[in-house]
Amino acid sequence: MEILGLLLLFIVLLALRQSVILILLVATAYVHFVWGDGTITYLIEDLWTAMDNGVLLAIPMFIIAGALMSRGSIAERLIEVMRALTEWMPGGLGLASILSCAVFAAISGSSAATLLAVGTVVYPALKNAGYSNRFSLGAVTSAGTLGIIIPPSIPLIIYGIITETSIVDLFLAGVIPGLILTASLGIYGLWANRDLPRTPFSLSRLVLALRRGFWALMMPVILLGGIYSGYFSPTEAAAVSVGYAILVELFIHRELGPRDFYEVGLSTAQMLGTLFPIVAAAISIKTLLAIEGIPQDFAAWLQGAVSSKIAFLLAVNAALIVIGCLVDSLSALLLLAPILYAGAKAYGIDPVHFGIIMIINLEIGLLTPPIGLNILVAMTAFRQRFREVAISVLPFIAIMLGVLTLVTFVPGISLFLVSP
């Protein structure tokens, strides 16, 4: 009954459209007073302990690295390489846009950073090349979501911290689903624009683009190679990404000045001031629930209420898609991961596989109105009406739902690269 009371509390506060930080702080207090010792001192100590985790340092560093690259020319140089590689195909610029988002996602870890850094360059280029406004909007808005599935991914880091799942394994698990999503979106882009004129292939242009973009292309190689070889931990990789971004943008590309660093630091601090209290509350709730054995009780109840693993997965996907329409993706992850994770374990679902299922669901949530973050970002960045952006992403959402179904019921897609 207590866990149902906690779920009811979530639902009531969400229905009242309260802020996520308020919901989590109220829920944290509820958990402490129902299952804890009922004192405010213990609550404050527990919130502080929740933040005493070195892995959390990766989050601000990846945010800083993404912001530095967005302000510099790394994104623009990556786009030029992709354009030189693909524009000879019909619809090639659309494919280049999606591939650029995928590559930038592999070094930024953020959907909003990916959308803004790549979209502000390729959206005008798509329009000028004769692509429809609806496809151009939908492509850059949807491909921007690749930033949370292709590693390194900030939501994957948060899921790993909350559920105590290996972040390296989660990063490995995100590679193949991320590539499948990229390929699916790219194939649709080629098909939808198959009648557009081609640009002749130019070897000299490709060589020039590769030369200009060499340092940008090396970043995902160094970053992901270091993580997967075991040379870097995720936190160390985040530090390397910041150092590399500063080195390249400041001394090689020479695109940044002191003012840029000040503004990046300020915007990062503002973002973390909102994010970290939410993370602290979510981890605090998860810790106390685990101590009291509440997830196990919930899992036992769930097994009696839901007939099979397939039914559970279908219910989780349906619930996350609906919740993604009402709550921003990161908040949904923080609210639901500790509870749904227990249910997944009860049905024998690998925690790494379940993490990828959650992330793809939340990726779709970035595109679903009325709260879809990427829709709001695109609407502001490209000065488009909300309705136009929401309609533009519909074909891409259909593709992503297909990939979600595939990943959900074929665990090997996520777990193929993960060591047994």
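An account of the accompanying structure is given in this report.

Thresholds, definitions, all that
- Residues numbered from 1 in each chain as written.
- Predicted model: local features only at pLDDT ≥ 70, side-chain atom pairs only at ≥ 80, totals over all residues.
- Heavy atoms only, no water.
- Helix = DSSP H or I, 4+ residues; strand = E, 2+ residues; numbered from the N terminus.
- Expected span 1.5 Å × (residues − 1).
- Buried < 20%, exposed > 50% of the residue type's maximum accessible area, 1.4 Å probe, protein only.
- Salt bridge = Lys/Arg side-chain N within 4 Å of Asp/Glu carboxyl O.
- Contact = heavy atoms within 4.5 Å.
- Patch = residues over 30% accessible without salt bridge, like charges linked within 9 Å, V, L, I, M, F, W, Y side chains within 5 Å.
- Areas by Shrake-Rupley, 256 points an atom, 1.4 Å probe, with all protein chains shown as cover.
- 1 Å grid on protein atoms, 1.4 Å probe; cavity = no way out; pocket = protein on both sides within 12 Å on 5 of 7 lines; lining within 4 Å.
- Points joined across faces, edges and corners; volume = space filled by probe spheres on them.
- Nonpolar A, V, L, I, M, F, W, Y, C, P; charged D, E, K, R; others polar.
- Phe/Tyr/Trp six-rings, centres within 6.5 Å; stacked < 30°, edge-to-face > 60°.
- Core = buried A, V, L, I, M, F, W, Y, C linked by side-chain atoms within 4.5 Å.
- Axes fitted to C-alpha atoms, helices over the stretch in contact; angles between N-to-C directions.
- Parallel < 35°, antiparallel > 145°, perpendicular 65-115°, else oblique.
- Left-handed = near helix turned anticlockwise from the far one by under 90°.

### Here's the deal with helix 6 (residues 92-108)
So, step 1. Spanning 17 residues, helix 6 covers 24 Å between terminal C-alpha atoms, matching the ideal 24 Å at 1.5 Å per step.
So, step 2. Along helix 6, 16 of the 17 residues are buried, which leaves the element largely enclosed by surrounding structure.

### A short note on the pattern of salt bridges
So, step 1. Counted according to the given criterion, the structure contains 4 salt bridges.
So, step 2. Here R212 and E76 are joined by a salt bridge, their closest N and O atoms 3.6 Å apart. Of this pair, R212 sits in helix 11 (residues 203-212) while E76 is found in helix 5 (residues 74-86), placing the two residues 136 residues apart along the sequence.
So, step 3. According to the relative accessible area criterion, R212 is partly exposed, its value standing at 33%.
So, step 4. Judged by relative accessible area, E76 falls into the partly exposed class, the value being 27%.
So, step 5. For E388, the salt bridge is made with R134, and the minimal N-O distance between the two is 3.1 Å. Separated by 254 residues along the polypeptide, E388 in helix 20 (residues 386-392) and R134 in helix 8 (residues 133-143) bring together distant segments of the chain.
So, step 6. R134 sits in the partly exposed class, given a relative accessible area of 40%.
So, step 7. Beyond isolated ion pairs, a larger network of salt bridges with shared partners links R83, E87 and R205.

### Description of the environment of L181
So, step 1. When you line up the elements, L181 lands in helix 10 (residues 167-192).
So, step 2. Between the C-alpha atom of L181 and that of L146, which follows or precedes it by 35 residues, the distance is 7.9 Å.
So, step 3. In this structure L181 touches L146, I149, E363, M400 and V403, once residues within four positions along its chain are discounted.

### Focus: a nonpolar patch on the surface
So, step 1. Taken together, the side chains of F214, W215, L247, F251 and I252 define a hydrophobic patch exposed on the protein surface, amounting to about 490 Å² of accessible area.
So, step 2. For the nonpolar patch, the secondary-structure elements that each account for two or more residues are helix 12 (214-228) and helix 13 (234-252).
So, step 3. Tallying contributions element by element places helix 13 first for the nonpolar patch, with 3 residues.
So, step 4. Tracing the chain through its elements places F251 in helix 13.

### Description of empty space enclosed by the protein
Once rolled over the atoms, a probe with the size of a water molecule shows which space is left empty.
So, step 1. Using the criterion set out here, one finds 2 cavities of 30 Å³ or more in the structure.
So, step 2. Approximately 40 Å³ is the volume attributed to the second largest cavity.
So, step 3. Taken together, R83, A84, E87, W88, T199, P200, F201, S202 and R205 form the lining of the second largest cavity.
So, step 4. Of the residues that constitute the lining of the second largest cavity, the class distribution is 4 nonpolar, 2 polar and 3 charged.

### A short note on the side chain of N317
So, step 1. With respect to the helices and strands, N317 occurs in helix 16 (residues 309-326).
So, step 2. Note on N317: relative accessible area 9%, which makes it buried.
So, step 3. Ignoring sequence-local partners within four residues, the contact set of N317 consists of I357, N361, L404 and T408.

### Some details on the packing of aromatic side chains
So, step 1. Applying the stated criterion across every chain yields a total of 10 aromatic pairs.
So, step 2. Taken together, a centroid distance of 5.2 Å and an interplanar angle of 80° make the contact between F214 and W215 edge-to-face.
So, step 3. Residue classification places F214 among the partly exposed positions, given a relative accessible area of 41%.
So, step 4. Take W215: its relative accessible area is 37%, and that puts it in the partly exposed class.

### So, the nonpolar core
So, step 1. Ranked by size, the top nonpolar core spans 121 residues in total, and within it I59, F312, F354 and M358 carry the most contacts.
So, step 2. By residue number, the principal contributor to this core is helix 6, which donates 10 residues.

### Observations regarding helix 8
So, step 1. Most of helix 8 sits out of view: 9 of its 11 residues are buried.
So, step 2. Along helix 8, the residues classified as buried are F135, S136, L137, G138, A139, V140, T141, S142 and A143.

### Observations concerning the packing of helix 4 (residues 58-71) against helix 13
So, step 1. Taken N-terminus to C-terminus, the directions of helix 4 and helix 13 make an angle of 25°; their axes are 8 Å apart at the nearest point. Between helix 4 and helix 13, the crossing angle belongs to the class labelled roughly parallel. Viewed along their axes, helix 4 and helix 13 form a crossing whose handedness is left-handed. Together, A58, M61, F62, I64, A65, L68 and M69 of helix 4 and P234, T235, A237, A238, A239, S241, V242, A245, I246 and E249 of helix 13 make up the contact between the two elements.
So, step 2. Counted by class, the contact of helix 4 with helix 13 contains 14 nonpolar, 2 polar and 1 charged residues.

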